[in-house]
Structure formats: C-alpha cells, structure tokens
Amino acid sequence: MNLESALRYSHTLLDQVVVPGDTVIDATVGNGNDTVYLAASVGKSGHVYGFDVQSSGLEKTKTQLLLTGLLPQTTLIKDGHEHINNHIPEDTEISAAIFNLGYLPGSDKSVVTHGKTTIAAINQCLSMLSVGGLVVVVSYYGHPGGREELESLQEFLKKLPQKDFQVLTYQFINQQNDPPILFAIQKR
Ligand SMILES: C[S@@+](CC[C@H](N)C(=O)[O-])C[C@H]1O[C@@H](n2cnc3c(N)ncnc32)[C@H](O)[C@@H]1O
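Since the model is a prediction, treat every value here as computed from it, not as a measurement.

What counts and how
Residues numbered from 1 in each chain as written. Predicted model: local features only at pLDDT ≥ 70, side-chain atom pairs only at ≥ 80, totals over all residues. Heavy atoms only, no water. Near = heavy atom within 4 Å. Polar contact = N/O pair within 3.5 Å; in protein donor to acceptor, adjacent residues only side chain to side chain. Areas by Shrake-Rupley, 256 points an atom, 1.4 Å probe, with all protein chains shown as cover. 1 Å grid on protein atoms, 1.4 Å probe; cavity = no way out; pocket = protein on both sides within 12 Å on 5 of 7 lines; lining within 4 Å. Sits in = over half its atoms within 2 Å of the grid points. Nonpolar A, V, L, I, M, F, W, Y, C, P; charged D, E, K, R; others polar. Helix = DSSP H or I, 4+ residues; strand = E, 2+ residues; numbered from the N terminus. Buried < 20%, exposed > 50% of the residue type's maximum accessible area, 1.4 Å probe, protein only. Contact = heavy atoms within 4.5 Å. Pairing = 2+ DSSP bridges. Axes fitted to C-alpha atoms, helices over the stretch in contact; angles between N-to-C directions. Right-handed = clockwise from strand over helix to strand, strands pointing away.

Caption draft 1: The arrangement of the site of the ligand in detail. Around the ligand sit 22 residues, and of these Asn31, Asp52, Gln54, His81 and Glu82 come closest. Backbone polar atom of Thr28 to a nitrogen atom of the ligand: 3.1 Å apart, as the coordinates give it. One nitrogen or oxygen atom from the main chain of His81 is found 2.8 Å from a nitrogen atom belonging to the ligand. With the chains in place, 94% of the 610 Å² that the ligand exposes on its own is no longer accessible. Under a 2 Å grid-point criterion requiring more than half of the atoms, the pocket assigned to the ligand is the largest pocket. Its residues assigned to classes, the shell around the ligand comprises eight nonpolar, eleven polar and three charged.

Right under this line is the structure:
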C-alpha cells in the first residue's frame, strides 16, 4: 500500500459520501477532472454545479462531459465561486464540494484563487452541506500569493466550531517542492 497523494485522497474521501442522486459542487472546474468524476458519481438523478472564472477550461470540460454522456447532470457556471449563492437555488442541500486551489497548469498562471474569495465560497458551501457531508480543499501554495491563501485558510478552518464541524489536514511533511495539502471539513 502506498499513501495516496492529496489529489487521489480527495476522491477517496468523496467516494465515502457522494452517492447517486446527490447534489454537489466543483468550485474550481479547471480542465474538469473533478467535474467529470463527480458527474459520474451522482449519476443521472443527481447534479453537479461547476464554477470557474476561465472560459477555456469550462469549454474543455463541457466537451468531456458531452463525450462521456455526463452533461445532463451538470451545470457549468462562468463566475467566481464566491458567488455560489447567486446560482444555486435556495434550500439546496449538497453532500460534497471540492476546491482545487491555485492556478490551472498549462494556462494563465496569474489567474489564481485567493484566500478571501475562497473562504467566502467555503462558507457558502458549509451552509448548504448535509450532515455527514464533506467540503474537500486541496491547497497548492508554491506560486506567488499561494502561502498567503494557505495561511488565511488555515486560520479560518482552525476556528470552525468543533460542535458543528470536524476538520482534517492531510499533508506529506517531508517532501520537497511544496506538495499540496488537503483539508476536509465534515458537518456533524
Ligand atoms: C488548480 S486549478 C483547478 C483544477 C481542476 N480541478 C482540474 O481538474 O483541472 C484552479 C482553478 O481555479 C480557477 N479559479 C480561480 N479563481 C476562481 C474563483 N474565484 N472562482 C472559481 N474558480 C476560480 C482557475 O481559473 C483554475 O482553473
């Protein structure tokens, strides 16, 4: 057995809570790897809302979803995840959300996530989360501004009330080149 990378572990965790029929959020669609995975997991009776500020990734993701027959259960939204509440019907309950922070490899490296908007989006996801549901955040922080985002995120997560949420950190602490850190927030 090999310990899983943060990215791989994000799916291992989501596998435990996402079932067909669920509504879930991909807060950083990028090239759509998580969106496609989630759309397959929730099935035709479920729904994935995917957010990104860049059209290029959203277009590629739409093509992937079309080719795999997963488009009907997916809504792709070109807007910042800090505006989630503007796009998802009130009273929606989600079983999971995923965030992959940082920039999209192979695209404009100046388009990155930021602590303030990331935290605003996580708060909106937490208010929609079902009991037992998970918000999973994979933080890449090696780029300019990345450490500031990571620090503000850690401060925010440490202060979440223990009676309402469990918060996990999953991190390789002896690897070089700033390996990503996973945070998982589960609603009690
Ligand atoms: C690390 S990439 C995501 C990778 C993606 N999960 C995949 O499978 O390819 C981070 C993404 O966050 C997007 N992003 C940056 N700021 C954002 C915001 N405020 N709201 C939503 N997405 C944002 C970037 O455009 C980029 O595509």
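Caption draft 2: Focus on the side chain of Gln124. By the element assignment, Gln124 lies in helix α5 (residues 115-128). Since its relative accessible area comes to 12%, Gln124 is described here as buried. Look past the residues within four positions of Gln124 in its chain and what remains in contact with it is His81, Glu82, His83, Ile84 and Asn85.

Caption draft 3: Inspection of the sheet that holds strand β5 (residues 129-139) at higher detail. Within the open sheet, the seven strands sit side by side as β3-β2-β1-β4-β5-β7-β6. Their pairing is mixed. With one partner strand each, in any of the chains shown, β3 (74-78) and β6 (165-170) form the two edges of the open sheet. Each adjacent strand pair in this sheet contributes to an overall mean axis angle of 15°, direction not counted. Bridge count for strand β4 (residues 94-100) against β5 is six bridges, and the pairing is parallel.

Caption draft 4: View of the pairing of β3. As defined by bridge partners, strand β2 (residues 47-52) adjoins β3 across five bridges and the pair is classed as parallel. From the neighbouring strand, Asp52 faces β3, where its bridge partner is Lys78. Between the parallel elements β2 and β3, the chain passes through helix α3 (residues 55-67) in a crossover that is right-handed.

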